[in-house]
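Descriptive structure summary
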Amino acid sequence: MKRRLHLGVRARLAGVTLLTMLALSACAQHAQSALHPAGPVSQAELGLMGFGFWIMLGVFVVVVAVLGYSLVRFRERRGDQGLPPQVEGNHRLEIAWTLIPIVLLALLIVPTFRATFALAQQQRGPGVVQVTVVGHQWWWEFDYPQLGIVTADEMHIPAGERVQLTLRSADVLHSFWVPALAGKEDTVPGQSNTMYLEAARPGLYPGQCAEFCGVSHSEMRFDVIAQTPSAFAAWVQARQHPDSTPATAQAVQGEKVFAQYGCGSCHTIDGTQFQGKVGPNLSGLGTRLTLAGASLQNTPKDLRLWVSDAHKIMPSTVMPNFSTMSSSDLHALSAYLEGLK
Ligand code: CUA
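Calculation notes
- Residues numbered from 1 in each chain as written.
- Predicted model: local features only at pLDDT ≥ 70, side-chain atom pairs only at ≥ 80, totals over all residues.
- Heavy atoms only, no water.
- Salt bridge = Lys/Arg side-chain N within 4 Å of Asp/Glu carboxyl O.
- Helix = DSSP H or I, 4+ residues; strand = E, 2+ residues; numbered from the N terminus.
- Buried < 20%, exposed > 50% of the residue type's maximum accessible area, 1.4 Å probe, protein only.
- Contact = heavy atoms within 4.5 Å.
- Polar contact = N/O pair within 3.5 Å; in protein donor to acceptor, adjacent residues only side chain to side chain.
- 1 Å grid on protein atoms, 1.4 Å probe; cavity = no way out; pocket = protein on both sides within 12 Å on 5 of 7 lines; lining within 4 Å.
- Points joined across faces, edges and corners; volume = space filled by probe spheres on them.
- Nonpolar A, V, L, I, M, F, W, Y, C, P; charged D, E, K, R; others polar.
- Pairing = 2+ DSSP bridges.
- Axes fitted to C-alpha atoms, helices over the stretch in contact; angles between N-to-C directions.
- Parallel < 35°, antiparallel > 145°, perpendicular 65-115°, else oblique.

**A few points about the pattern of salt bridges**
Taken as a whole and judged by the stated rule, the model has 2 salt bridges. Of the charged contacts in the structure, one is a salt bridge between E198 and R162, with a shortest N-O distance of 3.8 Å. Pair noted here: E198 is in the loop between β8 (193-197) and β9 (203-209) and R162 is in the loop between β4 (154-158) and β5 (163-169), with a separation of 36 residues, a long-range link. Exposure remark for R162: the relative accessible area of 37% places this residue in the partly exposed category. When the shortest N-O distance is used, the salt bridge between R221 and E219 registers 3.7 Å.

Rendered as structure tokens:
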């Protein structure tokens, strides 16, 4: 009786878990799913996965069918005595189950090699945007060497065009993954890896570090923002001509606070004396959607929370907690940073 109850509780728990998972998967709208590709690279990878899946499903069905048939057809019957007839060394069977896997593997190898070599091709040429992606504990740096732009946690790309990435790490292993656009690629200390991706249509494609890299690994997110070529050109133009001049009295005060607390020794703001290279480049911060490895929305309130208590959001981040900063200084600082265009 007790065991029955246990099973009942377990069954209910399993039901609730399944329903929760279904509900959660529905609200994500497939934004971060490799099964809903949004570009040719992820499409090719899904095609490869699908091809392998159907072959393996076919093998599974045949094996289970033969197994089921054998269990029923050759089961022990009343009156059976001794061993059943032994069939080892059946040449036809031996040849069949050697040849069939060889044929199936050959079928898998051809498209796998073709896709692997095609996706490893470096994309070059004047129209190809090059981005150097640097993984840091726990944020992403995006450098556009041809364009002279450095930004963080938000990679802008032109939709419908190939984007060549060079991946590096500033500290430990990370893995760059935008499921809707391409498979994972590690960022390895002391080494450069390459990959390319393309978004077929404009949109926001969330990404995530996919390699455990320390206590705040789960907060190491980012967004890829694919824009129409003209909107991308406008973004490039804005980033190449940043507006870092404080526009209000409060923002002027905020710039002083930024200097006074030594923020500029870790952060760069283009067009100012602040040129630190430890933390994210903050130029144009007011135009970004997220903060702190995309773990916070970019609002003045969340920005103040981050400055005063960063370790609450991201334990072990090198960003200090400025918990003693006065409320007026915090408000001035957020006014200054959110005013960076
Ligand atoms: Cu970076 Cu996990």
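**Things to note about the environment of Q130**
Along the chain, Q130 turns up in strand β1 (residues 129-136). When the C-alpha positions of Q130 and G271 are compared, they lie 23 Å apart, and in sequence the two are 141 residues distant. Excluding anything up to four places from it in sequence, Q130 contacts Q123, R124, D143, Y144, P145, Q146 and Q164. Among the polar contacts made by the side chain of Q130, one reaches the side chain of R124 at a distance of 2.9 Å.

**What to know about the layout of surface pockets**
To find leftover empty space, a probe the size of one water molecule is rolled over the atoms. For the largest pocket, the calculated volume is near 520 Å³. Forming the walls of the largest pocket are 32 residues, and the residues nearest its centre are H267, P280, L282, W306 and M319. For the lining of the largest pocket, the secondary-structure elements that each account for two or more residues are β11 (290-291), α6 (300-313) and α7 (327-338). For the lining of the largest pocket, the element with the highest residue contribution is α6, accounting for 3 residues. Partitioned by chemical class, the residues of the lining of the largest pocket number 23 nonpolar, 7 polar and 2 charged.

**Observations concerning the sheet that holds β9**
Pairing is mixed across the open sheet formed by 5 strands, whose spatial order is β4-β10-β9-β6-β7. If you trace the sheet from one side to the other, it starts and ends with β4 and β7 (182-187), each paired once. Across the sheet, the axes of successive neighbouring strands diverge by a mean angle of 20 degrees, strand direction being ignored. Relative to β7, strand β6 (residues 174-178) runs antiparallel, the two sharing 4 bridges. Its bridge partner lying in β7, V178 is registered against A182.

**Notes on the packing of helix α2 (residues 40-73) against helix α3 (residues 91-120)**
Packing of α2 against α3 leaves a shortest axis separation of 11 Å and a crossing angle of 170 degrees. Here α2 is positioned roughly antiparallel relative to α3, judged by the angle of their axes. Of α3, the residues touching α2 (which contributes V41, E45, L48, F51, G52, I55 and V59) are L104, L107, L108, P111, T112, A115 and L119.

**What about the sheet that holds β5?**
One open sheet accounts for 5 strands, arranged β3-β2-β1-β5-β8; its pairing is mixed. The two strands at the open ends of the sheet, each matched to only one other strand, are β3 (149-152) and β8. Between one strand and the next, the sheet's axes are offset by a mean angle of 25 degrees, whatever the strand orientation.

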